[in-house]
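# Examining the three-dimensional arrangement
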Amino acid sequence: MILFEDALKIVLEKAKVIGTEKVKLLDSLNRILAQDIIADMDMPPFNKSAVDGYACMISDIHNLLEVIETIAAGDVPVNNILHNQCSKIMTGAMLPVGADCVLMVEHTKEIDSNHIKFTFEKTGVNVAYKAEDIKKDSVLLKKGLTIKPQHIALIASVGYPELMVYKQPKVAILTTGSELVEPDSIPALGQIRNSNAWQLYSQVQKANAIPVYFGIIEDSEEKIDLAIKKAISENDVVILTGGVSMGDFDYVPKILKQNKVDLIFEKIKIRPGKPTVFGIHLNAFVFGLPGNPVSSFVLFEILLKPFLQKMMGSNENPKNVFLPIGVDFKRAKAEVMLWLPSTINNQGEVVPVEFHGSAHVSSICEADVIFPISIDVFELKKGDLVNVRQI
Ligand code: AMP
Ligand code: MG
């Protein structure tokens, strides 16, 4: 049995990138950048007006100003501004030579068809200067970053219609258990519905890898063996759920070994999720998770998700966010690390949700975060800080 910290370290060391591919800008959302994004020009590319108004010399603002030109966004000004002159200018249009400020149109009045007067005391400059946002040739985004909509704006503004991202691993999901039926069936006596595989499928999807569903596999050595062989040969990662504990029909670790999967660990000092298996085959990485949905949910979030992210070239780690716990917490035994599903109340405090154990799916539905309590920590006092992970 190994510590969670060691298990995480091992899987992150073993994770390897499977390649890169070129995608269109609009297909790059949530993918991980495999190239740096470099500015091909200054932004703004020229001094531009930040408001609709009149471009003039700041020393002239209280004089009667002659309007010599109208400059729309996209125009190149024809005339230079001399003393007591101005050009009518639109937001985003290029500032004419000679002007050093723009009077807001709301702060001016027309005197006649080609003269205006400033009606205010003072003006701001109201100019966005060339290169004040972005300098040509600067690195704007580094490879390893997960692309969000705001990054797409930046990438678009410096002219990348296509870009290199890391490939997404194919992740097979196999769920074992003779008691399981799919959501479209009514369970007979002794049966339950398969919830875990669907949850895992969605977690893989949300993590931006490619889930491949293999269905429910009976607790039969032969059937599990066949499914494992197929999954390993066709996928980069294989996740099995169920059949990894100490029951008479928990065949998964044994069958993995028979299939030349080198088992690196078979148990983690953690609750929920103790019987978690990690193995390496020539063709795929294999994880075995307990069948209980809460265990498998938590282990995916804290172990598999970081692993998949690393396989996709991400250099981002989960943020360390510390919040105070809103209640006292005690436990009788502290030989394993405990992860608790919790809400965050309106005071910004962490409050554990009612949690009956690993099959209690509705508890994680109420939770906003999960947080760990270390081995040998028996109690927490209201106000103690805990390291929360958003779910
Ligand atoms: P196992 O890990 O196979 O020993 O299963 C542990 C518990 O989780 C048992 O109560 C199973 O019935 C339940 N379980 C196993 N697989 C699933 C699943 N796919 N969906 C919901 N519950 C499951
Ligand atoms: Mg089972």
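Residues numbered from 1 in each chain as written. Chains lettered and ligands numbered in written order. Predicted model: local features only at pLDDT ≥ 70, side-chain atom pairs only at ≥ 80, totals over all residues. Heavy atoms only, no water.

In terms of regular secondary structure, the protein is built from seven helices and 28 strands. C-alpha extents for the protein along the principal axes are approximately 95 × 50 × 40 Å. In the protein, which comprises 391 residues, the proportion classed as buried is 46%. Restricting the contact set of the protein to residue pairs at least 6 apart, pairs at least 24 apart contribute 70%. Put simply, the protein shows about 19700 Å² of open surface, and 54% of that area lies on carbon and sulfur atoms. Separation of charge centres in the protein, based on 40 positive and 47 negative side chains, amounts to 6 Å. (Helix = DSSP H or I, 4+ residues; strand = E, 2+ residues; numbered from the N terminus. Buried < 20%, exposed > 50% of the residue type's maximum accessible area, 1.4 Å probe, protein only. Contact = heavy atoms within 4.5 Å. Areas by Shrake-Rupley, 256 points an atom, 1.4 Å probe, with all protein chains shown as cover. Lys, Arg positive; Asp, Glu negative; His and termini not counted. Charge placed at Lys NZ, Arg CZ, Asp CG, Glu CD.)

This paragraph deals with the packing of helix α3 (residues 196-206) against helix α6 (residues 293-311). Two numbers describe how α3 lies on α6: the axes approach to 10 Å, and their chain directions differ by 15°. Taken together, the axis directions place α3 and α6 in an arrangement best described as roughly parallel. The element α3 and its partner α6 pack so that their crossing is right-handed. Taken together, the residues of α6 that come into contact with α3 (itself represented by Asn 196, Gln 199, Leu 200, Gln 203 and Val 204) are Pro 293, Ser 296, Phe 297, Phe 300 and Glu 301. Residues belonging to the contact of α3 with α6 are distributed by class as follows: five nonpolar, four polar and one charged. (Axes fitted to C-alpha atoms, helices over the stretch in contact; angles between N-to-C directions. Parallel < 35°, antiparallel > 145°, perpendicular 65-115°, else oblique. Left-handed = near helix turned anticlockwise from the far one by under 90°. Nonpolar A, V, L, I, M, F, W, Y, C, P; charged D, E, K, R; others polar.)

Below, the discussion takes up the pattern of salt bridges. For the coordinates displayed, the defined rule picks out 13 salt bridges. In this structure, Asp 137 engages Lys 136 in a salt bridge whose closest nitrogen and oxygen atoms are separated by 3.9 Å. Glu 266 is the partner of Lys 257 in a salt bridge, and the nearest nitrogen-oxygen pair spans 3.5 Å. With a relative accessible area of 49%, Lys 257 lands in the partly exposed category. The class of Glu 266 is partly exposed, set by a relative accessible area of 33%. What you see here is one network of salt bridges that share partners, running through Lys 330, Glu 379 and Lys 381. (Salt bridge = Lys/Arg side-chain N within 4 Å of Asp/Glu carboxyl O.)

So, about α6. For α6, the principal kink sits at Phe 300 and spans about 45°. Of all 19 residues that make up α6, 16 are buried, and the element is covered over most of its length. Of the residues one or two after α6, Gly 313 is the one with positive phi, at around 80°. (Bend = angle between axes of the 7 residues up to and from the residue.)

The next point concerns a nonpolar patch on the surface. Where nonpolar side chains cluster on the molecular surface, the patch consists of Ile 58, Val 125 and Tyr 129 and spans about 230 Å² of accessible area. Topologically, Val 125 is positioned in the loop between β9 (115-118) and β10 (127-128). With a relative accessible area of 32%, Val 125 lands in the partly exposed category. (Patch = residues over 30% accessible without salt bridge, like charges linked within 9 Å, V, L, I, M, F, W, Y side chains within 5 Å.)

With that settled, the discussion passes to the sheet that holds strand β20 (residues 277-280). Taking strand neighbours across the sheet as the criterion, the six strands line up as β16-β13-β17-β21-β20-β18 in an open arrangement whose pairing is mixed. At either end of the open sheet lies a strand with only one pairing partner, and these are β16 (210-217) and β18 (262-265). On average, each strand axis in the sheet is inclined to that of its neighbour by 20°, with strand direction left out of account. One ladder, built from six bridges, connects strand β13 (residues 170-176) with β16; its direction is parallel. By the bridge assignment, Lys 170 is partnered in β16 with Ile 210. Helix-sheet contacts for α3 involve β13, β16, β17 (237-241) and β21 (285-289), and the interaxial angle to β16 is about 170°. (Pairing = 2+ DSSP bridges.)

Counting 39 residues, the largest nonpolar core has Ile 239, Leu 303 and Phe 307 as the members making the most contacts within it. The set of elements that each furnish at least two residues to this core consists of α1 (4-14), β13, α3, β17, β21, α6 and β24 (337-344). With 11 residues, the single largest contributor to this core is α6. Within the second largest apolar cluster, 21 residues are counted, among which are Ile 217, Ile 224, Ala 227 and Ala 284. (Core = buried A, V, L, I, M, F, W, Y, C linked by side-chain atoms within 4.5 Å.)

Turning to the side chain of Ser 363, a few remarks are in order. Checked against the element boundaries, Ser 363 lands in helix α7 (residues 361-366). A relative accessible area of 1% means that Ser 363 is categorised as buried.

What follows concerns the sheet that holds strand β6 (residues 85-89). With mixed pairing, the six strands of this open sheet are ordered in space as β7-β4-β6-β5-β9-β8. Edge positions in the sheet fall to β7 (101-104) and β8 (108-112), since each has one partner strand and no second. The average angle at which neighbouring strand axes cross in this sheet is 40°, direction not considered.

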